[in-house]
Amino acid sequence: MSASNSHVSSQQLRDWDNAHVWHPFTSMSAYVDEHAPIIADADGFDLIDVDGRRYLDGISSLWCNVHGHRVPEIDDAVRAQLDRVGHSTMLGLSSEVSIRLAKAIVDITPVNLTKVFYSDSGATAVEVALKLAYQYHQQKSNPETARDTFISVGNAYHGDTLGSVSVGSMDVFHRVYKHLLFPTVSVPSPVVTRVPDGYDRASWLQFCFDRATELIKENHHRAAGFVIEPLVQGAAGILVHPPGYLQHIRTLCTEYSIPLIADEVAVGFGRTGTMFACEQEAVLPDLMCVAKGITGGYLPLAATLATEEIYEAFLGSPDAGRTFFHGHTYTGNPLGCAAALASLQRFQQHNLLDNVSVASELINERLHELAKHPHVGEIRQKGIMVGIELVRDKQSMDPFASALRVGHQVTVAARKRGVIIRPLGDVIVLMPAPAMPLSLIERLCDTTIEAIEEVVSQLD
Ligand SMILES: *Cc1c(COP(=O)(O)O)cnc(C)c1O
């Protein structure tokens, strides 16, 4: 049978999946026996598999979906764009829809950001920001060629290309590549989930603030940039920073002329309660990366925003070598831009930030009781980003043995109940779309609680 035949049984698809498809961030040895749903269709906030089973999309198809699936305005915008042009290059050429989107993005992002450099994923948006910051110091009017290092936050995640892995520090994902990475300076992540011996919560946070001050001061001559996930470190397990931390880093970066790179890939487009997380601390970053939610979760598109000052360091006669020699083939793809424009319009028309606000409160209420559960170590939430950390022992915060795959088991239990979630280790992540109706938010919370109770009761 040929793969392009229209009638292929679900078993045939599963066999081909196991024979040929290598899944990202997936243990393929385990995957082949897991019978994960094969998604074929979607309807609103549901995903539908090849056998017609429906699942509530509880993680916004990995943190990017905004309005649900098959949204008429976005579908129509992409179709209309298809009737004009599917792709044309941005290298030395422009496209109508990419210009219109750049204007729309500049209108809603921090006021000092006026330039939009497109790419296709969060990792490339970060990669671009790192290269821009580095090159900026070489080419600005008072060049500082010693600025060849980046400062980042412990347990950061900024994507999977080697540059973005270099500024990341999630040991499980990154340690195997350590000899390939450029060195960075890491400040401690300001979170109190597990406080080191000798500290209480308050003194540990104070230490984190002070340590950032010290490390920035010590390293400022060689710091090309400070890269941070504003307010919430997503992939590290939805770690929520204390109020004032982002502003603290901004103040230090300003004092030492270090460009602040805000990686808003996960937190952008409403997830923390404001359109962008930086707004909550009135922080103006020098570079800002957006991706995941930009197209409403439809197509691969990303952007790195820059200030006029950074942009100007790249100007000069073409033979002066000041150009930014970077660009991906599908940079600023018109279909992606058309989806993004339609998504932004709908975001505003439907006042999605209001929905995020009530949905956040509902989640908070709904999970309140769960926090007392003996195997729930901590529930962390900012807006509609939620991490429920399951532990063997609540008092000591000792984890379950990783071989038990408790987080994964909860996912499977939720799936049996028609809800798709995906954990980060033993942190159960809920990441509903900003437009998800409250009745579905309730279902997502209730099903998650049932799934957790089912799994942990079998472990005791
Ligand atoms: C997901 C993520 C990235 C990487 O985005 P991709 O589109 O997967 O490359 C970068 N930074 C943060 C904070 C993310 O959550």
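Residues numbered from 1 in each chain as written. Predicted model: local features only at pLDDT ≥ 70, side-chain atom pairs only at ≥ 80, totals over all residues. Heavy atoms only, no water.

*Asks:* Please clarify how the pairing of strand 3 (residues 54-57) should be interpreted in this entry.
*Replies:* Regular strands have side chains that alternate between both faces of the sheet. Of the pairings in the sheet, the one linking strand 2 (residues 46-49) to strand 3 comprises three bridges and is antiparallel in character. Across the sheet, the residue bridging to Ile48 is Arg54, located in strand 3. What sits between the antiparallel neighbours strand 2 and strand 3 is a turn of four residues, in which Gly52 has the positive phi angle 85 degrees. Two strands pair when backbone bridges link them, and strand 3 and strand 15 (residues 419-420) are joined in this way by two bridges, in the parallel orientation. Across the sheet, Asp57 pairs through a bridge with Ile420, a residue of strand 15. (Pairing = 2+ DSSP bridges. Helix = DSSP H or I, 4+ residues; strand = E, 2+ residues; numbered from the N terminus.)

*Asks:* How should I be thinking about helix 6 (residues 122-139) in this particular structure?
*Replies:* Three- or four-residue spacings in an α-helix give side chains the same orientation, since the helix completes a turn every 3.6 residues. A rise of 1.5 Å per residue sets the reference length of helix 6, with its 18 residues, at 26 Å; its end C-alpha atoms lie 26 Å apart and thus fit the reference within 8%. Along helix 6, 15 of the 18 residues are buried, which leaves the element largely enclosed by surrounding structure. (Expected span 1.5 Å × (residues − 1). Buried < 20%, exposed > 50% of the residue type's maximum accessible area, 1.4 Å probe, protein only.)

*Asks:* Explanation requested: the sheet that holds strand 14 (residues 385-390) in the structure shown.
*Replies:* In a beta sheet, neighbouring strands are held together by backbone hydrogen bonds and run either parallel or antiparallel to one another. Ordered by their spatial adjacency, three strands build an open sheet running 13-14-16, and the pairing between neighbours is antiparallel. The open sheet has two edge strands, strand 13 (376-382) and strand 16 (427-430), and neither has a second partner. This sheet shows a mean twist of 15 degrees between the axes of neighbouring strands, independent of strand direction. Both strand 14 and strand 16 contribute to a ladder of four bridges, which runs antiparallel. Looking across to strand 16, one finds that Ile388 is bridged to Ile428. (Axes fitted to C-alpha atoms, helices over the stretch in contact; angles between N-to-C directions.)

*Asks:* What am I meant to see in the sheet that holds strand 5 (residues 149-153) here?
*Replies:* In spatial order, the strands read 4-12-11-10-7-5-6; together these seven strands make up an open sheet with mixed pairing. Either end of the sheet is taken by a strand with one partner, and the two such strands are strand 4 (113-119) and strand 6 (184-187). The average angle at which neighbouring strand axes cross in this sheet is 20 degrees, direction not considered. Pairing of strand 5 with strand 6 involves four bridges; the strand directions are parallel. Opposite Ile151, over in strand 6, you have Val185 as the bridge partner. Sheet contacts for helix 9 (residues 201-219): strand 5, strand 6 and strand 7 (223-228); angle to strand 6, the most-contacted strand, approximately 160 degrees. (Contact = heavy atoms within 4.5 Å.)

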